[in-house]
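Topology and contacts: notes
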Amino acid sequence: MDFEVLILGTDANAYYMARCCYEAYHKKAYLIGQNRLAFTKFSNILHVEYQNIWDKEVFFETLNAFAKEHAGKKIVLISTNETYAEFISGNKERVCEQYVYNYPTLEVIKSLTNKENFYKTYQNSCLCFPKTIYYDCKEDRKNFTDLMYPIVVKPSNVVSYNHLSFLGKHKIYKVKDEEELLHTLDTIKKGGYEDTLILQEFIPGDDSNLFDAVVYANQKGKVEFMSFAQIGLQERTKSMVGNAAVLINGFNTTKGNVNKAAKEIKKFMESIHYQGFAEVDMKYDERDNTFKVLEINARQGRCSYYVAALGKNLVRVLVEDLLYHIENDYEFLDKKVLLSFVPKGIVKKYIQNKAFKKEALRLWKKVVKPMDAPQDKNFKRFLMLRKRWLHYYKEYKNSYWR
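Conventions adopted
Residues numbered from 1 in each chain as written. Predicted model: local features only at pLDDT ≥ 70, side-chain atom pairs only at ≥ 80, totals over all residues. Heavy atoms only, no water. Helix = DSSP H or I, 4+ residues; strand = E, 2+ residues; numbered from the N terminus. Rg over C-alpha atoms; globule rule 2.2 N^0.38 Å. Buried < 20%, exposed > 50% of the residue type's maximum accessible area, 1.4 Å probe, protein only. Contact = heavy atoms within 4.5 Å. Areas by Shrake-Rupley, 256 points an atom, 1.4 Å probe, with all protein chains shown as cover. Lys, Arg positive; Asp, Glu negative; His and termini not counted. Charge placed at Lys NZ, Arg CZ, Asp CG, Glu CD. Core = buried A, V, L, I, M, F, W, Y, C linked by side-chain atoms within 4.5 Å. Salt bridge = Lys/Arg side-chain N within 4 Å of Asp/Glu carboxyl O. Phe/Tyr/Trp six-rings, centres within 6.5 Å; stacked < 30°, edge-to-face > 60°. Lys NZ or Arg CZ within 6 Å of the ring centre and 35° of its normal. Pairing = 2+ DSSP bridges. Axes fitted to C-alpha atoms, helices over the stretch in contact; angles between N-to-C directions.

The helix and strand tally for the protein chain stands at twelve helices and 17 strands. Over its C-alpha trace the protein chain gives a radius of gyration of 21 Å, about what one expects of a compact globule, namely 21 Å for 402 residues. Dimensions along the principal axes, computed over C-alpha positions, put the protein chain at roughly 65 × 50 × 40 Å. When the 402 residues of the protein chain are sorted by exposure, 57% land in the buried category. Taking contacts inside the protein chain between residues at least 6 apart in sequence as the whole, the part at least 24 apart equals 72%. Roughly 18100 Å² of accessible area belongs to the protein chain as shown, and the carbon and sulfur atoms make up 49% of that amount. Of the side-chain charges in the protein chain, 62 are positive and 50 negative, and the distance between the mean point of each set is 8 Å.

Here we take up the nonpolar core. Among soluble globular proteins, nonpolar side chains are generally buried collectively. Of all hydrophobic cores here, the largest spans 120 residues; its most connected members are Val-76, Leu-112, Phe-228, Ile-265 and Ile-296. It is helix H1 (residues 12-25) that contributes the most residues to this core, nine residues altogether. If we ignore the near neighbours within four places in the chain, the residues touching Val-76 are Phe-3, Glu-4, Val-5, Leu-6, Val-100, Leu-318, Val-319, Leu-322 and Leu-323. With 16 residues, the next largest nonpolar core counts Leu-147, Phe-166, Leu-197 and Leu-199 among its residues.

All right, on to the pattern of salt bridges then. Applying the stated criterion across every chain, the model contains 24 salt bridges. We note a salt bridge from Arg-287 to Glu-201, for which the minimum N-O separation is 3.1 Å. In this pair, Arg-287 is assigned in the loop between strand E14 (276-285) and strand E15 (290-297) and Glu-201 in strand E9 (residues 196-201), connecting sequence segments 86 residues apart. Arg-287 sits in the partly exposed class, given a relative accessible area of 49%. One network of salt bridges, with partners in common, ties together Glu-201, Asp-285, Arg-287, Asp-288 and Lys-292.

On to the packing of aromatic side chains. Counted under the stated rule, the structure contains 25 aromatic pairs. Centroid distance Tyr-16 to Tyr-305: 5.9 Å. Interplanar angle 55°. Geometry classified as tilted. Of the two residues, Tyr-16 is situated in helix H1 and Tyr-305 in the loop between E15 and helix H9 (314-322); the sequence distance between them amounts to 289 residues. Note on Phe-59 and Tyr-84: the rings are 5.7 Å apart at their centroids and 20° apart in plane angle, and the pair reads as stacked. Here the residue Phe-59 occupies a position in helix H2 (residues 56-69), and Tyr-84 occupies one in helix H3 (residues 82-90), the gap between them amounting to 25 residues. There is no split in this pair, since Phe-59 and Tyr-84 are both buried. Taken together through their ring pairs, the aromatic side chains of Phe-118, Tyr-119, Tyr-122, Phe-129 and Phe-268 make up a single cluster. The residue whose ring lies beneath Arg-316 is Tyr-25, and the NZ or CZ to ring-centre distance is 4.9 Å.

On to the side chain of Asn-243, then. Here Asn-243 lies in the loop between strand E12 (229-234) and strand E13 (244-249). When its relative accessible area of 16% is taken as the criterion, Asn-243 is described as buried. Once residues lying within four places of it in the same chain are set aside, the contact partners of Asn-243 are Lys-171, Gln-234, Glu-235 and Arg-302.

Of note, the bond from Tyr-149 into Pro-150 is cis; its omega dihedral lies within 30 degrees of zero at 0°. Position of Pro-150 among the secondary structure elements: in the loop between strand E6 (132-136) and strand E7 (151-155). In this structure, His-273 is a non-glycine residue whose phi angle is positive, near 60°. Note on placement: His-273 falls in the loop between helix H8 (258-271) and E14. Residue His-273 is classed as exposed on the basis of its relative accessible area of 60%. Even without being glycine, His-325 reaches a positive phi, approximately 55°. Mapped onto the fold, His-325 is located in the loop between H9 and strand E16 (331-333). By relative accessible area, which is 55% here, His-325 ends up exposed.

Attention now moves to the pairing of E7. Counting buried positions along E7 yields five of five residues, so the element is predominantly enclosed. Side chains Ile-151, Val-153 and Pro-155 of E7 all project onto a buried face; the interleaved residues Val-152 and Lys-154 project onto the opposite face, where all are buried too. For E7 and strand E8 (residues 173-175), the ladder comprises three bridges, and the chain directions are antiparallel. Within the sheet, the bridge partner assigned to Val-153 lies in E8 and is Tyr-173.

Pairing is parallel across the open sheet formed by five strands, whose spatial order is E3-E2-E1-E4-E5. Either end of the sheet is taken by a strand with one partner, and the two such strands are strand E3 (46-50) and strand E5 (99-100). On the sheet, H2 packs against strand E1 (3-8), strand E2 (29-33), strand E4 (74-79) and E5 and is oriented at approximately 160° with respect to E1. Across the face of the sheet, H3 comes into contact with E1 and E4 while running at roughly 130° to E4.

A word on the environment of Ala-213. Among the structural elements, Ala-213 can be located in strand E10 (residues 210-217). Ala-213 gets classed as buried once you look at its relative accessible area, which sits at 0%. As a C-alpha pair, Ala-213 and Gln-230 span 17 residues in sequence and 9.0 Å in three-dimensional space. In this structure, Ala-213 is in contact with Met-226, Ser-227, Phe-228, Ile-265, Ala-278, Glu-279, Val-280, Met-282 and Tyr-306, ignoring residues within four places of it in sequence.

A separate point is the environment of Ile-188. Along the chain, the position of Ile-188 falls in helix H7 (residues 178-190). A residue is classified by how much of its surface remains accessible, and Ile-188, at 1% relative accessible area, is buried. Along the primary structure Ile-188 and Gly-168 are separated by 20 residues, whereas in three dimensions their C-alpha atoms are 8.1 Å apart. Apart from residues no more than four positions distant in its own chain, Ile-188 is found in contact with Val-153, Tyr-161, Phe-166, Tyr-173, Tyr-193 and Leu-197.

Below, the structure written as structure tokens:
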């Protein structure tokens, strides 16, 4: 079957999805995004153009124009963020029949992407969550006597927050006392954010207590596979904290029951009739020996490319489901695979968990680097990536996150 792949976005997620397309079919995916990001610059394995597709009307005008340019072909449509996923699921009548995609209903997406909705809607589900309180930015509350510091502050409405730009903006804030909390709340409100903030206990432990699961549920809402990876190091810049920098799938240095947690996630995803890729962010809590779910992204995550090394090329998975209607039995992906966005020197210096560090260095010869496709032979890109790797040393040295 003749088809095209259209990826919405120009970030790291968009690049590795284009890489999956090229690796599976030796076909260049088309990318349309809002911003000229470095992740997708100087690439020989994709086509990229830029439009103001954060505007809903421009978004659908752009989709319609692309469909006309590729008349007679099916188009596999892939979003790399929640905004575009919401546009697609909430306006299916405006997406022409050439496009095929796999996303849950808008109601399900909003129940996951809005953190207040997420924790409140699913508080009685099989998932475990950190202790959480909610702060309405329209309030003027000053006393927070029921909080135990440190705490994590993050926006409930991620879609709205991502559209803001202000001095002092962080993806996540780690707050050590009430004085810092009040300053953080004031910064966010003055920055234009008017929705609810999540004030959440900081679960003890270093980055190696963080875990990542990638889930794929087919068009019928059946989970076909799931990964479960331990994170050894997360990103350190203010806009990237919370994203994995180094992880190993099929590895666990905690006492947590990975198989039990995976079964609970599968049960949960099928109970809400989820469809498509999802990324589950968790932190292991040694106080009660549970994996606490921090969030579920209604899309593949920034680091999800490692499942391709586990035999699940993300674009091929979509093509086989959406175009060829191939159904597969559930598979738990437990093979060891190391993924890293950072150079080996960062691994040696900044990973605190000695057992994790030892295993990462042992696996380094076969490390998966999402942004560094061997097929992408562009010298400008090669230089840009090496410069980026060197820049990581500065980022970790000067990080605000401890």
